[in-house]
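Below, each chain spelled out in residue letters.
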Amino acid sequence: MNPISRFLIKAASIFSALSLTALVFFLLSALFIKALPVMDLRLIFGNTPPLEALSGVKPVFDGLFPAICGTLLLVFLAVVLALPLGMAAGIHLALFAGPHTRRWIGVSVDILAGMPSILIGLLGFSVILILYRHFPAITPGLLPAAASLACLILPYLIRGTQQALTTLPPELFRSTLALGASPVQALRHVLLPAARPGLTGCILLSIGRAAEDTAVILLTGTVAAYGLPSGFFDPFEALPFFIYTTAAEYNSPRELAMGFAASLILVGLCGGLFGLAALIRKTFLRNPLTGKA
Amino acid sequence: MASFFRNTEKKIPRPHPQEKEFSRRAHAVAGEKFFTSLCGFSALFTFGLVLFLFGFLALFAFPLFKNGGYFLLLTTPWQPLSGKFGIGPMIAGTAAISSLAILIAFPLSLGAAAFCEADFAPRPIVRWIRPVFQLMTGIPTVVYGFLAVFLLIPLLRQALGGSGFSILAAALTLALLVSPTMILFFSDAFRAVSREDVRTLVGLGAKPEERFIYLLLPQARNGILAGLLLACGRAVGDTLIALMLAGNSLAFPASCTEPARTLTAHIALVMASDTQSPEFQSIFACGLTLYFITTLLIVLCRTRIQARR
Amino acid sequence: MPSPKTKIRIENLSVSYKENRVLSHIHLDIPEKAVTAITGPSGVGKSTLLLALNRLLETEHEARISGKITLFTQNAWQDIHHPHTDVFALRQKISMVFQKPNPLPMGIFANLALPLKLRGIRKKKDVEEAVTQALMQARLWEEVRHRLREDARTLSGGQQQRLCIARSLVMQPEVLLLDEPTSSLDTKAETAIENLLQELKKTCTLVLVSHSRRQVADLADFEYAMPNV
């Protein structure tokens, strides 16, 4: 290969990597700089004294507190709904399913993972609509949104659990069975503890995915201003939705800056979760049979 | 040697371990059967969910089929006043924005992945660059959209005139969104190339760029294709970026600087309207189209991943 | 000398795995409290025979087993494939030691306590007694008594294998299956284990797969050469 071609390839590659990196740093710094003017307690609690806001005595009108709480509640509910189903399905695929089942369910898990989030939101909304005709109590709100979000993160939990278990050395399962354990006992006492890093990683990833998604909750219950939800079918505020509405319309420079700050918080939250997951995976990637990395 | 045997001869009297077993096992067996059935049920539930999603979309989009057939719907323009609820413009919008985004992102991602894996730069630098791409995957789409609204749109407005909300704006931002996924996927594909083969080429005196072109690229072909398909899926399925940046106009776009509406944005925008109108039903046609496109991409992607193994 | 009593009777055992016949109509009586060596060239099915004895073969999805295997235990013959047989209890009565030592990713004490935990034996005193006795039986006690909480994977190869033997012994098995237990160990470790096996056969029936003619000559009371398929 002549030196010019080699140079071009190398230059193109270095350019791609460095320009993308520079762009990311630029964007993150822009976020930080634009958010700086409002980085104080007022950002979160508005004009309400923090203690009273935290204890729920007084509502917060001007701060991110309801949106942050809304996001946290939503994500918590979604994970509570999706985790048992996801882990159980992942365990089934890893240990109990035959090759045909594994293939067919594997395909559907992949399809669900690749499904545009707006479709899941659409499904959620339509289900709410149908149920509303029979049970007027069911309206868009916290629980329906969490349920839809649970469908969104379900495939990640399933794949993550399945992978965490199948990347364990196969001798581990067999040795435990040889000691007189039933498959469920082997899972409980040996396999799941050994797969803990992988499992934790995938749970953190799912939490991050649920926290950042806007499209699903757009249709199933989030609103621009409400305060803290007090019931399962109450509307709620959420950080990503706040960011979206601020971009569409903002009434003052302060609101705009709050949009940047909310973005910063969301990036910190999701980036932090993803980073933690990657860190756990790297630190604990010791071979379960030799004890070495 | 004899001294070691002393202790083993003495048998400390205690009940034989296996005698205690049966009382516990009876309960445990029932519990275990329940657990394994639960696992099977959960797996089935996921399968059912995917079918349910399809069935739902088809059911709701059905009334529209009766009037003109699904395929007619895909090409007619959106003219509600004349009774035409075709989603043609939305398909054009999705196609334009996604393909432009992938066109921009693919070479950049390939280059960046090569940077990470093909020895084009000293190791210490590469070690610091890769985490940046991992961090990028943690940036939500809504934040990309938000930043683009306030940083990119004014730039485009100045450079190209018009409102700035255009296919170009959305495509550029979308490219940024899908790049990290592609970079990490391609990186893994390059990493999977057998070390032996790389060492052989090094032994033959091949330079990094030559190794990249003649070994890494061909060997990682399937992984690259899979990553590309995955990114296409993400680009087609993204809602927020198109919603915030592409202008959402209902006409067939004529050039990159014009606004457009994607299938995903259409669904988000029309959701708020009257649920009995044909307008509302059009979003299910959108949904169905999206479902087909993404499923096709996913299935193709799976075949590439399996070919890799 | 009275003829040895039979511990395991194998009748007409055939095993196929994915269309290939691995074992064909095997008949064998394994005498109790002695070392029976299973020998033969590579691939003839020695490990498969062992895996059939504690029904571990069933965990392979595509293995098909036919024939009858009975175990003489608690003064009666028990068909190990009978629907009423508790296969998990069986695997503790007929315990297996693998070629490559496989300590579980936990502490030394935890490794040994696991079989007891699986059967519901949780009382601290009972567990400690059983673990100590098993470690003494396996000649490992003195070496590990001060580091019982340490990860079992930090032991040397020979120690790990003795740990695995101790782990099998903790349930006081009636039969011990050993699949080339010393082939991945150095000579010193090998000798230690061979001496241990000589001791164990006084209380336990041993079935040993081995490639070493010397080991078979030194240890085995009976030898079964696998027929070619």
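Residues numbered from 1 in each chain as written. Chains lettered and ligands numbered in written order. Predicted model: local features only at pLDDT ≥ 70, side-chain atom pairs only at ≥ 80, totals over all residues. Heavy atoms only, no water.

J.: Residues and numbers for the overall build of chain B, please.
T.: Along its length, chain B carries 13 helices and two strands. In chain B, which comprises 309 residues, the proportion classed as buried is 50%. Total accessible area on chain B stands at roughly 14500 Å², and carbon and sulfur atoms take up 67% of it. (Helix = DSSP H or I, 4+ residues; strand = E, 2+ residues; numbered from the N terminus. Buried < 20%, exposed > 50% of the residue type's maximum accessible area, 1.4 Å probe, protein only. Areas by Shrake-Rupley, 256 points an atom, 1.4 Å probe, with all protein chains shown as cover.)

J.: Which residues make up the overall build of chain C, and what are the values?
T.: The secondary structure content of chain C amounts to eight helices and nine strands. Taking 229 residues into account, the globule formula puts the C-alpha radius of gyration at 17 Å, and chain C, at 17 Å, falls close to it. With the principal axes as the frame, chain C shows a C-alpha extent of 50 × 45 × 40 Å. In chain C, which comprises 229 residues, the proportion classed as buried is 58%. For chain C, the proportion of contacts with a sequence separation of at least 24, taken over those separated by at least 6, is 71%. Carbon and sulfur atoms form 49% of the exposed surface of chain C, whose accessible area is close to 9900 Å². (Rg over C-alpha atoms; globule rule 2.2 N^0.38 Å. Contact = heavy atoms within 4.5 Å.)

J.: Break down the pairing of strand β3 (residues 35-39) of chain C for me, citing the residues and quoting the values.
T.: Residue and element names in this part refer to chain C. In terms of residue burial, β3 counts as a mostly covered element, since five of its five residues are buried. With burial as the criterion, each face of β3 is covered, one bearing Val35, Ala37 and Thr39 and the other bearing Thr36 and Ile38. For β3 and strand β8 (residues 205-209), the ladder comprises four bridges, and the chain directions are parallel. When the bridges of β8 are listed, Val35 appears paired with Leu206. (Pairing = 2+ DSSP bridges.)

J.: I'd like a description of the sheet that holds strand β7 (residues 175-179) of chain C, backed by residues and values.
T.: All names here are of chain C. What the five strands build is an open sheet, ordered β6-β7-β8-β3-β9; its pairing is parallel. Pairing within the sheet leaves two strands with one partner each, and these edge strands are β6 (94-97) and β9 (222-225). This sheet shows a mean twist of 20 degrees between the axes of neighbouring strands, independent of strand direction. Where β3 and β9 come together, four bridges link them in parallel fashion. Following the sheet pairing, Thr39 is matched in β9 by Ala225. (Axes fitted to C-alpha atoms, helices over the stretch in contact; angles between N-to-C directions.)

J.: Kindly report on the nonpolar core, identifying the contributing residues and their values.
T.: One finds Phe133, Val143, Phe190, Met244, Leu245 and Ile267 of chain B to be the most contacted residues of the largest nonpolar core, which totals 160 residues. It is helix α7 (residues 167-191) of chain B that provides the largest number of residues to this core, a total of 14 residues. Discounting residues that sit within four places of it in the chain, Met244 of chain B has contacts with Tyr244 and Ala247 of chain A together with Val142, Gly145, Phe146, Val149 and Phe165 of chain B. Of all hydrophobic cores here, the second largest spans 38 residues; its members include Leu148, Ala152, Ile165 and Ala189 of chain C. (Core = buried A, V, L, I, M, F, W, Y, C linked by side-chain atoms within 4.5 Å.)

J.: For the packing of helix α12 (residues 239-248) of chain A against helix α6 (residues 141-160) of chain B, give the residues involved together with the corresponding values.
T.: Between α12 of chain A and α6 of chain B, whose axes approach to 10 Å, the crossing angle comes to 20 degrees. Classed by the angle they form, the pair α12 of chain A and α6 of chain B counts as roughly parallel. Along this stretch, α12 of chain A crosses α6 of chain B, giving a crossing that reads as left-handed. On α6 of chain B, the residues touching Pro240, Ile243, Tyr244, Thr246 and Ala247 of chain A of α12 of chain A are Val142, Val143, Phe146, Val149 and Phe150 of chain B. Classifying every residue of the contact of α12 of chain A with α6 of chain B gives nine nonpolar, one polar and no charged. (Parallel < 35°, antiparallel > 145°, perpendicular 65-115°, else oblique. Left-handed = near helix turned anticlockwise from the far one by under 90°. Nonpolar A, V, L, I, M, F, W, Y, C, P; charged D, E, K, R; others polar.)

J.: I'd like a rundown of the packing of aromatic side chains, residues and numbers included.
T.: Geometrically, a pair of aromatic rings is defined through the distance of the ring centres and the angle of the planes. The final tally for this structure, using the stated rule, is 14 aromatic pairs over all chains. Taking 5.5 Å as the distance between ring centres and 70 degrees as the angle between the ring planes, the aromatic pair formed by Phe190 of chain B and Phe212 of chain B counts as edge-to-face. Of the two residues, Phe190 of chain B sits in helix α7 while Phe212 of chain B sits in helix α9 (residues 208-219), which places them 22 residues apart along the sequence. Of the two residues examined, Phe190 of chain B and Phe212 of chain B, each falls in the buried class. Within the aromatic cluster, the residues linked to one another by ring pairs are Tyr250 and Phe260 of chain A together with Phe146 and Phe150 of chain B. (Phe/Tyr/Trp six-rings, centres within 6.5 Å; stacked < 30°, edge-to-face > 60°.)

J.: Can you explain the interface of chain A and chain B? Please cite residues and give values.
T.: Each partner contributes to the interface: chain A provides 78 residues, whereas chain B provides 73 residues. Each partner contributes to the roughly 6600 Å² buried at the junction of chain A and chain B, and carbon and sulfur atoms together form 82% of this total. Considering only the surface of chain A that becomes buried against chain B, Met1, Leu20 and Leu122 of chain A emerge as the three largest contributors, covering 9% of it. Counting the contacts that link chain A with chain B gives two salt bridges. Asp110 of chain A serves as the salt-bridge partner of Arg302 of chain B, at 2.6 Å between the closest nitrogen and oxygen. (Buried area = accessible area lost by both parts, 1.4 Å probe. Salt bridge = Lys/Arg side-chain N within 4 Å of Asp/Glu carboxyl O.)

J.: Lay out the environment of Leu269 of chain B with the relevant residues and their values.
T.: Residues and elements named next belong to chain B. Note on placement: Leu269 falls in helix α12 (residues 263-270). For Leu269, a relative accessible area of 37% translates into the label partly exposed. Taking the C-alpha atoms as reference, Leu269 lies 8.4 Å from Leu243; in sequence the two are 26 residues apart. When sequence neighbours within four positions are dropped, the list of residues in contact with Leu269 reads Leu243, Asn248 and Arg261.

J.: Tell me what's going on with the confidence of the model for chain B, and back it up with residues and numbers.
T.: Residue and element names in this part refer to chain B. In this model, chain B carries a mean pLDDT of 81, and residues with pLDDT of at least 70 account for 82%. The secondary structure element of chain B with the lowest average pLDDT is helix α1 (residues 2-9), at 36, and the one with the highest is α7, at 92. Contacts for the low-pLDDT stretch residues 1-23, under 50 throughout, to residues beyond four places or in other chains number 36 contacts. (pLDDT = per-residue confidence, 0-100.)

J.: Tell me what's going on with the packing of helix α3 (residues 108-118) of chain C against helix α6 (residues 157-169) of chain C, and back it up with residues and numbers.
T.: Residues and elements named next belong to chain C. Two numbers describe how α3 lies on α6: the axes approach to 8 Å, and their chain directions differ by 30 degrees. When the axis of α3 is compared with that of α6, the two are roughly parallel. For the pair α3 and α6, the sense of crossing is right-handed. Touching Ile108, Asn111, Leu112 and Pro115 of α3 are Leu163, Ala166 and Arg167, all from α6.

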